[in-house]
Amino acid sequence: MGDSLNTLDEKKKSSTVEDDYFPRNLMYDPHHILDGMLILKCPFCKKYTNPLEYDMKRHLRYTHKDKLLTNLPLKGKGFNMEYRVAYTIDIMKQRVPPEYYDHRTARFNSEGENIVLDLSLYKYFME
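This write-up is about the structure you can find in this document. Starting from 1, residues in each chain are numbered consecutively following that chain's sequence as written. Owing to the predicted nature of the model, reporting of local features is limited to residues with pLDDT of at least 70; listing and counting of side-chain atom pairs is limited to 80 or more, with chain, interface and lining totals taken over all residues. Each side-chain value is derived from all of the structure's non-hydrogen atoms; neither hydrogens nor water enter the calculation.

Below, the discussion takes up the overall build of the protein. Scanning the protein from N- to C-terminus turns up 5 helices and 4 strands. Each of the 127 residues in the protein was classed as buried or not, and the buried ones make up 30%. In this analysis, two residues are considered to be in contact whenever any of their non-hydrogen atoms come within 4.5 Å of each other. Taking all contacts inside the protein whose residues are at least 6 apart in sequence as the whole, residues at least 24 apart take part in 63%. Surface accessibility of the protein: about 9,000 Å² in total, with carbon and sulfur atoms responsible for 57%. Starting at the N terminus, helices and strands are each numbered in turn, a helix being any DSSP run of H or I of at least four residues and a strand any DSSP run of E of at least two. Burial classification: accessible surface area is computed with a 1.4 Å probe over protein chains only, and a residue below 20% of its type maximum counts as buried, one above 50% as exposed, and the rest as partly exposed. Note on areas: these come from Shrake-Rupley sampling with a 1.4 Å probe, and a residue is covered only by the protein chains present in the view.

Written out as structure tokens, the structure reads:
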């Protein structure tokens with residue numbers, strides 16, 4: 001059984017799929033608390049993956065705001081941005097087969113690809 005786990009780990013490490021990359025902030029987990037958490041993959045850009053729901057919410061709000069308004073099957077009043085983000089994350093959680101985070105097989109983005117700017121805060125501090 002141990003050999004099959006090692007083989008699976010080697011296959012995961014050797015894959016070159018771009019959406020297997022995680023943000024660099026997940027590298028700083030010395031106690032491996034994130035291991036076993038469900039991986040959330042962005043359905044819009046297909047390359048942002050993260051086990052942290054808060055980080056995924058930020059990514060959706062600041063990167064895909066227009067797609068949250070137009071690409072979801074939500075019509076009518078009462079579907080604010082918070083509800084749309086929660087709806088999208090629920091869809092991500094129902095993905096089959098589920099994938100779980102493992103620090104041994106995780107690969108991380110380069111530093112330049114990890115920046116998410118909050119433009120409203122940027123304008124506030126630049127004034």
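Attention shifts here to the packing of aromatic side chains. Within 6.5 Å between ring centres, the rings of Phe, Tyr and Trp (the latter by its six-membered ring) count as paired, and their orientation is classed by plane angle as stacked under 30 degrees, edge-to-face over 60, tilted in between. Applying the stated criterion to the full structure yields 2 aromatic pairs. Seen from their ring centres, Phe22 and Tyr101 are 5.1 Å apart, and the 85° between their planes marks the pair as edge-to-face. Remark: Tyr101 occurs in the loop between helix 4 (81-93) and strand 4 (107-108) and Phe22 occurs in strand 1 (residues 21-22); sequence separation between them is 79 residues. Of the two residues, Phe22 and Tyr101, neither departs from the other in class, the shared state being buried.

Here we take up helix 2 (residues 53-63). Turning to helix 2, its buried residues number three or more, namely Asp55, Met56, His59 and Leu60. All buried residues of helix 2 lie within an arc of 135° about the axis, which places them on one face of the element. Arc, as used here, means the arc of the directions from the helix axis to the C-beta atoms.

Looking now at unusual backbone geometry. Of note, the bond from Val96 into Pro97 is cis; its omega dihedral lies within 30 degrees of zero at -5°. Take Pro97: it is sitting in the loop between helix 4 and strand 4. The phi dihedral of His32 falls on the positive side, at around 55°, and the residue is not glycine. When you line up the elements, His32 lands in the loop between strand 1 and strand 2 (40-41).

Our next topic: the pattern of salt bridges. Oppositely charged side chains may form a pair once their charged atoms are brought near each other. One side-chain nitrogen of Lys or Arg within 4 Å of one carboxyl oxygen of Asp or Glu is enough to make a salt bridge. Counted according to the given criterion, the structure contains 6 salt bridges. With its nearest N and O atoms 3.9 Å apart, the salt bridge here joins Glu53 to Lys57. Of this pair, Glu53 and Lys57 are both found in helix 2, 4 residues apart, which corresponds to roughly one turn of the helix. Since its relative accessible area comes to 23%, Lys57 is described here as partly exposed. With a shortest N-O distance of 2.8 Å, Asp102 and Arg104 are connected by a salt bridge. According to the relative accessible area criterion, Asp102 is buried, its value standing at 17%. Counted as one network, the salt bridges with shared partners bring together Lys41, Arg95 and Glu99.

Moving on: the nonpolar core. The nonpolar side chains of a soluble globular protein tend to be buried with one another. What we call a nonpolar core is a set of buried Ala, Val, Leu, Ile, Met, Phe, Trp, Tyr and Cys residues that are connected through their side-chain atoms within 4.5 Å. Grouped together as the largest cluster of nonpolar side chains are 12 residues: Leu40, Cys42, Phe44, Tyr48, Met56, Leu60, Leu68, Leu72, Leu74, Val85, Ile89 and Met92. Those elements that provide at least two residues to this core are helix 2 and helix 4. Sort the elements by how many residues they give to this core and helix 4 lands first, with 3 residues. With sequence-adjacent residues up to four places away left out, Tyr48 is seen in contact with Pro23, Leu40, Lys41, Cys42, Asp55, Met56 and His59. Ranked by size, the runner-up nonpolar core spans 6 residues in total, among them Leu26, Leu34, Ile39 and Ala106.

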